[in-house]
Structures are given as C-alpha cells and as structure tokens.
Amino acid sequence: MPSYTLADFDYALPEQLIAHHPAAQRSAARLLDGRSWPPVDRVFHQLPGLLRAGDLLVFNDTKVVKARLFGHKASGGRLEILVERVLPGDEVAVHLRVSKKPAVGALLHFAGGREQGGFDAQLLGRYPDEQGPLFRLRLLAPPGQSAWDLMERLGHLPLPPYIERQQAQGDDPHAAQDAQRYQTVFARAPGAVAAPTAALHFDEATLAALQAAGIERTAITLHVGAGTFQPVKTEDLDAHRMHSERYHIPPETLAAMAACRARGGRIVAVGTTSVRALESWAQTGQTEGETQIFIRPGFAFQVVDLLLTNFHLPKSTLMMLVSAFAGYERVRALYQHAIAQQYRFFSYGDSMLLTRRDAGQPGPPEHQIR
C-alpha cells in the first residue's frame with residue numbers, strides 16, 4: 001500500500017464548476033456512474049435502473065438546523081456563531097467568528113439582545129476543554145425558550161463556506177430556496193450544521209421508483225458537524241485529528257441490513273456520512289455515540305458495498321474516504337473526467353456512484369451484519 005500525504009489528494013478545480021445553487025429539480029442533477037471503466041454520464045433519476053432488487057439504500061436522516069446566529073459584543077463589535085452542539089443546562093458549543101475574542105464571562109447579544117426580542121449569552125470558555133476548538137456559551141433566553149427555539153426563530157441556515165453568495169448578515173435573497181433545498185426530503189432528526197449532500201438529489205418520484213424496483217431503504221442518523229469543511233493542515237496524515245460527530249443506528253436498520261445480506265443484496269450507503277456511521281459501528285460494535293473515524297486508503301471496509309456521493313473538496317478527509325472506497329487511481333480518473341465534462345461540484349453539485357474496490361472478493365462475514 002503506497003504511503004499517501006496530503007498533497008496526493010489535491011486537484012485543480014475551475015472556479016466556475018463550484019455549484020452555488022441547486023439543480024432546477026433534485027433528481028435532474030447529473031450522476032457519474034463510476035462502477036466500471038470507462039464511466040458513464042447519467043442523470044440522477046436513472047438511479048433505480050442502476051441498482052438491483054434486494055439492494056438496500058442507507059440514508060442519513062439528520063436535519064440541518066438554523067445554527068448560524070449574528071450578534072454583537074458589549075462594545076458593539078459584530079460577531080457570528082455557529083452552534084455545533086446543544087449541551088445540557090441552557091449551554092451550547094459554538095464556532096465563534098469575531099475580530100477580537102471576548103474575555104471569559106463576557107456577555108454577547110444576539111438579535112438586539114434579550115430586551116429587544118433576542119437573547120444574550122455568556123462566554124464560559126473553550127469546549128470540550130481549554131484546548132478545544134469550540135467555545136461554550138450559556139444562553140440567557142426569554143422564559144420557556146430553548147436553544148432549539150432560538151435557532152428556529154432567529155437563526156440562519158449554515159450554508160457551506162464556499163457558497164459565496166451568502167451575505168455577511170444572512171440577508172440572502174435565496175434563503176427561502178435554501179431552506180427547502182439544503183435539506184433532504186426525509187430529514188427527521190434535528191442536529192446537523194451541514195446537509196448529507198448526496199441525499200439532496202432524492203425526490204419523492206425517485207423514492208417511489210426505487211420502491212417499485214424492489215430496492216429497499218433504511219436510515220441511520222449522523223449529525224454532520226462543521227468540521228466536515230475544516231481543511232487538513234498537515235502533510236503527515238497520521239498527525240491529523242478528526243472532528244467528532246454523533247451517530248445512532250436503530251435496531252430496525254440493523255435488521256434491514258441483516259435481511260439484505262440474507263437475500264444476497266448489497267448495502268448502498270447514501271453519502272459519506274452513512275459510511276462513517278456504518279463503519280464506526282462495524283469497528284466498535286456501538287450503535288450510538290461519538291465517532292472520529294478517519295477513513296483513508298488502506299482502510300478495510302466491513303459493511304458498505306456501493307457508495308453514492310457528491311464531489312468533494314481538494315485535500316479533504318472526504319476525498320480520502322472515497323479514494324479508500326473505490327481506489328485512489330480510479331477516483332483521480334473519475335474526478336478528471338467530471339472536470340472535463342463540466343460536472344458541478346460540492347454540496348449543491350452533481351453525484352457519483354461507486355463500487356467498493358475489492359467488490360470482487362467475498363463480502364464481510366455474516367456475523368458482522370447482525
């Protein structure tokens with residue numbers, strides 16, 4: 001197995017291929033069928049014809065919350081927070097963007113502050129410890145209003161940083177469209193600050209066509225964190241520390257996977273978030289908890305047979321994951337093809353269907369899907 005560095009996962013992407021808006025219809029996005037070579041250029045609504053009766057799609061049913069909030073310090077200086085986690089006791093863990101970090105104990109004011117219909121918050125320090133990447137705030141909200149209530153009422157959808165049309169104070173004329181389209185049609189469990197983007201292409205018509213074709217579906221929950229967009233900062237991949245995300249795999253999903261294996265079907269992960277949850281469970285046996293799994297070339301997949309995924313940022317851990325899944329050289333060639341054919345990239349972009357690189361070998365032992 002070659003020894004990879006960060007530079008091996010870089011590629012040159014023309015700026016105009018970054019998708020700043022979704023396709024006109026969800027299932028009208030393009031789909032690069034990379035299961036064999038040469039790849040085939042398709043449209044997403046053709047997906048039911050690419051799978052087999054008895055296959056099982058595993059979706060991530062997390063729901064993106066309005067986690068971006070704008071406020072000011074007592075001095076009047078502007079600030080922005082992105083709520084990564086809601087903690088016990090009216091506390092939240094946030095990413096904080098401000099020109100000069102306030103002192104511990106400082107009061108921060110949002111939407112004009114509590115006296116003007118907004119709320120205040122006190123800075124308590126770092127999270128989860130003094131070296132943590134996040135800040136911990138105690139919310140001083142109007143009576144009866146939780147952090148979830150405040151985000152829903154005052155927050156803005158946290159679009160990815162590369163969608164540059166989003167304006168500094170969240171005053172985006174496309175906000176209504178984003179509220180619908182930067183959310184899957186089956187989103188159920190609030191808690192994500194980024195969408196499981198491979199699933200954004202599914203609409204009710206495509207789901208009905210999959211069901212009619214005998215292709216089943218089930219769900220896990222992984223609350224996508226802002227760390228999914230954080231760049232890897234070291235050439236030595238062994239030195240990279242993955243961000244932590246919460247996941248849950250319900251008993252009915254385990255049963256659906258066991259039945260899929262029993263009938264000879266394939267497990268199709270919809271997005272890298274589903275892969276991370278499923279392979280975390282395979283490694284640890286834990287059906288819920290925190291995962292910091294770092295999947296890169298050399299990783300031994302135990303659950304997933306096929307992967308439906310969007311096109312990912314250069315030098316990202318997600319590029320490493322898909323390279324581990326389908327093979328480094330194949331993924332490089334598929335990305336070159338996608339660029340040459342003017343596919344749209346990143347969260348609102350097009351998608352790709354991949355087979356696990358060792359798919360010709362026997363699948364995982366039966367006891368691992370139980």
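Presented here is a report on the structure given in the accompanying data block. (Residues numbered from 1 in each chain as written. Predicted model: local features only at pLDDT ≥ 70, side-chain atom pairs only at ≥ 80, totals over all residues. Heavy atoms only, no water.)

Attention now goes to the environment of glycine 89. Mapped onto the elements of the fold, glycine 89 is located in the loop between β6 (78–87) and β7 (91–98). Judged by its relative accessible area of 56%, glycine 89 is exposed. Taking the C-alpha atoms as reference points, glycine 89 and arginine 68, 21 residues apart in sequence, are found 20 Å from one another. (Helix = DSSP H or I, 4+ residues; strand = E, 2+ residues; numbered from the N terminus. Buried < 20%, exposed > 50% of the residue type's maximum accessible area, 1.4 Å probe, protein only.)

Moving on, we come to helix α6 (residues 317–326). With ten of ten residues buried, α6 is to be regarded as a mostly interior element. For α6, the full list of buried residues reads Thr317, Leu318, Met319, Met320, Leu321, Val322, Ser323, Ala324, Phe325 and Ala326. Immediately beyond the C-terminal end of α6, within one or two residues, lies glycine 327, with a positive phi of roughly 105 degrees.

This part takes up the nonpolar core. Within the largest apolar cluster, 67 residues are counted, with the highest numbers of intra-cluster contacts made by Tyr182, Leu278 and Phe345. Breaking this core down by element, the ones donating at least two residues are β3 (56–60), β12 (216–223), α4 (251–262), β14 (267–270), α5 (272–284), α6, α7 (328–340) and β17 (351–355). It is α6 that provides the largest number of residues to this core, a total of seven residues. If near-sequence neighbours (up to four positions away) are discounted, phenylalanine 345 is found in contact with Tyr11, Leu13, Leu17, Ile18, Ala19, Phe311, Tyr335, Ala338 and Ile339. (Core = buried A, V, L, I, M, F, W, Y, C linked by side-chain atoms within 4.5 Å. Contact = heavy atoms within 4.5 Å.)

All told, the structure shown has six cavities of 30 Å³ or more when counted by the stated rule. Estimated volume of the largest cavity: approximately 250 Å³. Every residue lining the largest cavity is counted, 23 residues in all, and those nearest its centre are Thr197, Thr228, His312, Leu318 and Ser347. Of all the elements, α5 adds the most residues to the lining of the largest cavity, at three residues. Taken together, the residues of the lining of the largest cavity break down into twelve nonpolar, ten polar and one charged. (1 Å grid on protein atoms, 1.4 Å probe; cavity = no way out; pocket = protein on both sides within 12 Å on 5 of 7 lines; lining within 4 Å. Points joined across faces, edges and corners; volume = space filled by probe spheres on them. Nonpolar A, V, L, I, M, F, W, Y, C, P; charged D, E, K, R; others polar.)

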